[in-house]
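# Working through the structure, step by step
These are the residues of each chain, in order.
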Amino acid sequence: EDRPLAIEARGLVKSFDGTMAVQGIDISVPEGAIYGVLGPNGAGKTTTLRMLLGIIDPDQGVRRVFGHDRPHDIGRLIGYLPEERGLYPAMKAIEAIAFMGALRGLPLAEGRKRGLELLEKHDLAHAADRTIRQLSKGMAQTVQLLGTLVHRPRLVVLDEPFSGLDAINQGKLETMIRALADEGVTVIFSTHVIHHAERLCEGVAIIAGGKVPYAGSVETARDRIPAQ
Ligand code: ATP
């Protein structure tokens, strides 16, 4: 098939202090897909995502995001929810969202306007002027996720987005991910729980020991997850 690719990575290699974290990863993600990166802790998922995003450079290999390979060009096209969650506790929710947009080049005033729309859409308008520390953990994570969307990225990368959420918030997150894909946004998320990938993903890459032993449909992936 010749669907255009949101992400194309070939032969990514990365070591830290002489220890190989990722040792030759290929990943192709079609535009508009919901794509899963599966694997146990320490497998190299976060390092791979950070290379795809241009946050860290690979030692070897190439990656393109919508055809771009310079981090500067990639930056505005993407939204990223890192594995370490965190917003400034004293910031108001709406300011946190606008601030995250500003980091991706969106003027603050536009970030506030669009942030309010997003909060309303997710029944959180009442939280706009609350500080982050006044929010429940689930609400704070939703606010952070909205902050990754406020500049209308074409690609959203979520590192273990389901971890730490209760079942209700996990369901809401699934709905948000599907809605993004319906709008044509490409979504990649990492998880060590295949269940989430089975419910959402058209394709997955399994990462184990810094390599990709399998990439393809999620149905076939189930039998190939290495034991933890
Ligand atoms: P987890 O879900 O536990 O974060 P992961 O699959 O995302 O796992 P990575 O975080 O990519 O895995 O880590 C892969 C390997 O690289 C691990 O052995 C980790 O200790 C190492 N590593 C990752 N980042 C660094 C760093 N900045 N400095 C040193 N070692 C690192």
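These numbers come from a predicted model, not from an experiment.

### Considerations on the sheet that holds strand E3 (residues 34-38)
Within the open sheet, the six strands sit side by side as E5-E6-E7-E3-E8-E9. Their pairing is mixed. With one partner strand each, in any of the chains shown, strand E5 (78-81) and strand E9 (211-216) form the two edges of the open sheet. Across this sheet, the average inter-strand angle for adjacent strands is 15°, counted without regard to direction. Bridge analysis of E5 against strand E6 (residues 155-159) gives four bridges, and the strand direction is parallel. Its bridge partner lying in E6, Ile78 is registered against Leu155. Helix H5 (residues 137-149) contacts E5 and E6 of the sheet and is inclined by roughly 160° relative to E5.

### Overview of the pairing of E9
On any regular strand, side chains alternate: one points to one face of the sheet, the next to the other face. Here strand E8 (residues 203-208) runs beside E9; their pairing, made up of four bridges, is antiparallel. Along E9, the bridge assignment pairs Ala205 with Ala215.

### Side note on the site of the ligand
Near the ligand the following residues occur: Phe16, Ala21, Pro40, Asn41, Gly42, Ala43, Gly44, Lys45, Thr46, Thr47 and Glu83. For the ligand, an oxygen atom lies 3.4 Å from a polar atom in the side chain of Asn41. Residue Gly42 places a main-chain N or O atom 2.6 Å away from an oxygen atom belonging to the ligand. Looking at which element gives the most residues to the shell around the ligand, the answer is helix H1 (residues 45-53), with three residues.

Criteria and cut-off values
- Residues numbered from 1 in each chain as written.
- Predicted model: local features only at pLDDT ≥ 70, side-chain atom pairs only at ≥ 80, totals over all residues.
- Heavy atoms only, no water.
- Pairing = 2+ DSSP bridges.
- Helix = DSSP H or I, 4+ residues; strand = E, 2+ residues; numbered from the N terminus.
- Axes fitted to C-alpha atoms, helices over the stretch in contact; angles between N-to-C directions.
- Contact = heavy atoms within 4.5 Å.
- Near = heavy atom within 4 Å.
- Polar contact = N/O pair within 3.5 Å; in protein donor to acceptor, adjacent residues only side chain to side chain.

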